[in-house]
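# Working through the structure, step by step
Listed below are the residues making up each chain.
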Number of protein chains: 2
Amino acid sequence: MSETKTAHPLTVHVPLNGGRGYDILIGRGLLGQTGARAAALGARAAAIVTDENVAALYADGARASLEAAGLRTCLVVVPPGEASKSYAGYAQVCDGLLAARIERGDLVVALGGGVIGDLAGFAAATLRRGVRFVQAPTTLLAQVDSSVGGKTGINSGHGKNLIGAFHQPRLVLADTASLDTLSEREMRAGYAEVAKYGLINDAAFFAWCEANWAGIFSGGPERDEAVAICCRAKAGVVVRDEFEHGERALLNLGHTFAHALERLTNYDSARLVHGEAVAIGLALAFRFSARLGLCPGQEAGRVANHLALVGLPTRLQAVPGGSGDADALVEAMGQDKKVRDGALTFILARGIGASFIAPGIDRAEVLAFLKAELGAG
Amino acid sequence: MSETKTAHPLTVHVPLNGGRGYDILIGRGLLGQTGARAAALGARAAAIVTDENVAALYADGARASLEAAGLRTCLVVVPPGEASKSYAGYAQVCDGLLAARIERGDLVVALGGGVIGDLAGFAAATLRRGVRFVQAPTTLLAQVDSSVGGKTGINSGHGKNLIGAFHQPRLVLADTASLDTLSEREMRAGYAEVAKYGLINDAAFFAWCEANWAGIFSGGPERDEAVAICCRAKAGVVVRDEFEHGERALLNLGHTFAHALERLTNYDSARLVHGEAVAIGLALAFRFSARLGLCPGQEAGRVANHLALVGLPTRLQAVPGGSGDADALVEAMGQDKKVRDGALTFILARGIGASFIAPGIDRAEVLAFLKAELGAG
Ligand SMILES: NC(=O)c1ccc[n+]([C@@H]2O[C@H](COP(=O)([O-])OP(=O)(O)OC[C@H]3O[C@@H](n4cnc5c(N)ncnc54)[C@H](O)[C@@H]3O)[C@@H](O)[C@H]2O)c1
Ligand SMILES: NC(=O)c1ccc[n+]([C@@H]2O[C@H](COP(=O)([O-])OP(=O)(O)OC[C@H]3O[C@@H](n4cnc5c(N)ncnc54)[C@H](O)[C@@H]3O)[C@@H](O)[C@H]2O)c1
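The name given to chain A in an unreviewed UniProt entry is 3-dehydroquinate synthase, and the organism recorded there is Methylobacterium iners. The Sequence similarities (unreviewed entry) comment attached to chain A in UniProt states, word for word, "Belongs to the sugar phosphate cyclases superfamily. Dehydroquinate synthase family." Within the UniProt record for chain A, the comment given under Function (unreviewed entry) is "Catalyzes the conversion of 3-deoxy-D-arabino-heptulosonate 7-phosphate (DAHP) to dehydroquinate (DHQ)."

Put into structure tokens, the structure is as follows:
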């Protein structure tokens, strides 16, 4: 385990137009620089939004850093878990920021996993019609995925992320040492998104993952490297297609299935966390592609094998309490926002690193596949 | 009262960049064209969001028009009044739109006053991270002000419009015949915003208003003309300064006072409606300008006289139940989002049609003025 100080963090620049470009900084110990980095953005006050778990571990440090840099600070803490990404959680965060008199020139610091990034980011997007925010992701999933790209939002009873805004952060501070306290289960869940980047369009990175995944988990230099590779990949897609009119949809590989699974398990993280749903979704996307004759069966097998090796689920049957039957799954997909005019859009693959957008997939085709997966077809 | 059919409505174009330009159509009977206009935008489904009062009068007609044009429709109805511009109202509208499976290519039609425009517009801005919407304003205030310019939002317990988004409509359909059913009180309230445009930068229009106000109230051709003049003025400002970095703040003439008054009366429209608060705010802004030696006293008098002539309040004492004392008013202004780094920004005037942005106004100066107004200084 490397404990080097991050004098020179890895940097990925996201070159968005209109003065909205920003840096993603990646390295061990970066949270200690929160204050200096916020001051460099010209902020005089910063609100840290976080959850109870992360607050106990990192809020004092981040707050001390901000105060040492001369910023007025405040702390808004929500309960941990997906349930906070709700209308009620949103109102709580907005009112907390208003009570602290956060103004347009101030900063909102989203300190936590993807739940906090999405929730605090949406509050920042809409508070006073938009205040600046910094992502300080503390889960692997948030560092490689949710903190980059400006998608923010909350869930409705009708589905995940159905309410939200595009709002780019001014800076992403990915302190990879913060992952040392993350549970194995959450590390694995984030790892599903890491593997996803290889599966989308980078076969060489997937092969690198097969060889180096243990270093990511143990906190070796492979961790920083993997986070940087993933951020670079995501930033590239985001810059080319910020508002998801095309290519950006590729990032949803595995996610149409995943969102349906999360919906049917009521976003209950005791049963399934997002990354586990994604792992199952990735395996399903490849097997569905194989079934449609698009992708060799052994490629689908290689995907599932690697995910299983790191301890991730790859089958619907692995969902504790059951995934729901095929009809319920297809119905749950119908509420996904990737639906246009009633037709289902999937991300499918011709092989590892060769995914593509497949609009207009027949519901009956999906239903038959899921029935077969569940052993009922 | 002219009952001509609106074959050729007055049109004001709002030339925003990035393909976001849109038309404001003004004329009697335009709601009957809702369906044809929505179909011309390529929509296949439209959700009408409205309040109970407006639903009873106009929802059937608008819905029939949409259905005649072949669109799938649904109706989301909230209680009338400012209280619906809340977190709960927002959740209700979003969930209503989701239950009706409104997708990205569909339309949200905001049918009602400014409350509905702001609420439905904010829901449209954030539903699935943005769906298209049409403003169909049915109050004078909404036709001349809130439906144009893309500001949407809700209130928090901390103040008005503190949560929201910029989201431009695709079309504004201002059916001036719909104002025939508006109460006298609401007509007068909207008229405060009409007069405001003259006071900001168009002395000739203010003089025209002094001569022609009765025709606006009675539904003569002066009504359409006044709505068009106001929309043109607002559109010009919005195009030059969409995100309120400068000039757009002029539209807030009278509003720093007005928002404080509304806050202190708990947004209770039985006591004070927005336009009445604006009327008092306009009169205060001119008297404050006169007190600071910026504006001749007789100009301030002319403003108050005209507003009083149409039946609008112009003094703090006119607020039923009292406005709160000077300290409470200044404190309530402090939560306004036009506050930067604690300094108060006002819109002041050198005369009718000669307003300007005055940042950094001393709180003590405001306090002394309000004490004098309340007869305690
Ligand atoms: N905006 C996007 O582009 C995007 C992309 C992917 C996922 N997401 C969203 O991200 C969310 C999932 O994010 P997540 O997996 O990070 O979940 P999460 O934020 O709930 O974090 C998982 C758990 O880990 C805890 N935790 C966080 N950091 C910790 C640390 N350093 N040490 C110990 N415990 C820690 C949290 O308290 C929580 O209990 C979902 O809501 C998903 O929709 C968003
Ligand atoms: N977005 C902006 O740029 C902007 C600008 C100014 C004001 N506003 C907002 O607008 C709101 C005030 O709007 P408003 O004054 O239109 O209030 P409103 O929407 O509450 O309407 C006033 C009343 O008139 C009723 N009504 C509406 N149309 C009617 C009709 N044709 N016939 C009979 N009754 C009718 C409504 O049911 C309501 O009871 C405030 O919330 C204010 O913050 C927004």
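## Examining the pairing of strand 8 (residues 159–166) of chain B
Residues and elements named next belong to chain B. Burial within strand 8 is extensive, with 7 of its 8 residues counted as buried. Summarising the sheet, strand 7 (residues 151–156) and strand 8 pair through 5 bridges and their orientation is antiparallel. Within strand 8, the position partnered with Ile154 by the bridge is Ile163. If you look at the hairpin formed by strand 7 and strand 8, you'll find 2 residues sitting between the two strands.

## Focus on the site of ligand 2
Residues and elements named next belong to chain B. Every one of the 26 residues lining ligand 2 counts as a neighbour, but Asp51, Gly114, Thr138, Thr139 and Thr181 are closest to it. Measuring from a nitrogen atom of ligand 2, one finds a backbone N or O atom of Lys151 at 2.9 Å. In this structure, Lys160 approaches ligand 2 through a side-chain N or O atom, which is 2.8 Å from an oxygen atom. When ligand 2 is considered free in solution it has 860 Å² of accessible area, and contact with the protein chains removes 89% of it. Going through the elements one at a time, helix 2 (52–68), helix 4 (114–126), helix 5 (140–146) and strand 8 are the ones with two or more residues in the shell around ligand 2. By residue class, the composition of the shell around ligand 2 is 7 nonpolar, 10 polar and 9 charged.

## Observations concerning the site of ligand 1
All names here are of chain A. Residues in close proximity to ligand 1 total 26 residues, the closest being Asp51, Gly114, Thr138, Thr139 and Thr181. Within the contact set of ligand 1, an oxygen atom lies 2.8 Å away from a side-chain nitrogen or oxygen of Glu82. At 3.1 Å from an oxygen atom of ligand 1 is found a main-chain nitrogen or oxygen belonging to Val115. Considering ligand 1 on its own, with 860 Å² of exposed area, one finds that the protein chains cover 90% of that surface. Where the shell around ligand 1 is concerned, the elements lending two or more residues are helix 2 (52–68), helix 4 (114–126), helix 5 (140–146) and strand 8 (159–166). Broken down by element, the shell around ligand 1 gets its largest block of residues, 4 residues, from helix 2. Residues belonging to the shell around ligand 1 are distributed by class as follows: 7 nonpolar, 10 polar and 9 charged.

Rules and cut-offs
- Residues numbered from 1 in each chain as written.
- Chains lettered and ligands numbered in written order.
- Predicted model: local features only at pLDDT ≥ 70, side-chain atom pairs only at ≥ 80, totals over all residues.
- Heavy atoms only, no water.
- UniProt positions renumbered as here; feature names shortened; annotations may be inferred.
- Buried < 20%, exposed > 50% of the residue type's maximum accessible area, 1.4 Å probe, protein only.
- Helix = DSSP H or I, 4+ residues; strand = E, 2+ residues; numbered from the N terminus.
- Pairing = 2+ DSSP bridges.
- Near = heavy atom within 4 Å.
- Polar contact = N/O pair within 3.5 Å; in protein donor to acceptor, adjacent residues only side chain to side chain.
- Areas by Shrake-Rupley, 256 points an atom, 1.4 Å probe, with all protein chains shown as cover.
- Nonpolar A, V, L, I, M, F, W, Y, C, P; charged D, E, K, R; others polar.

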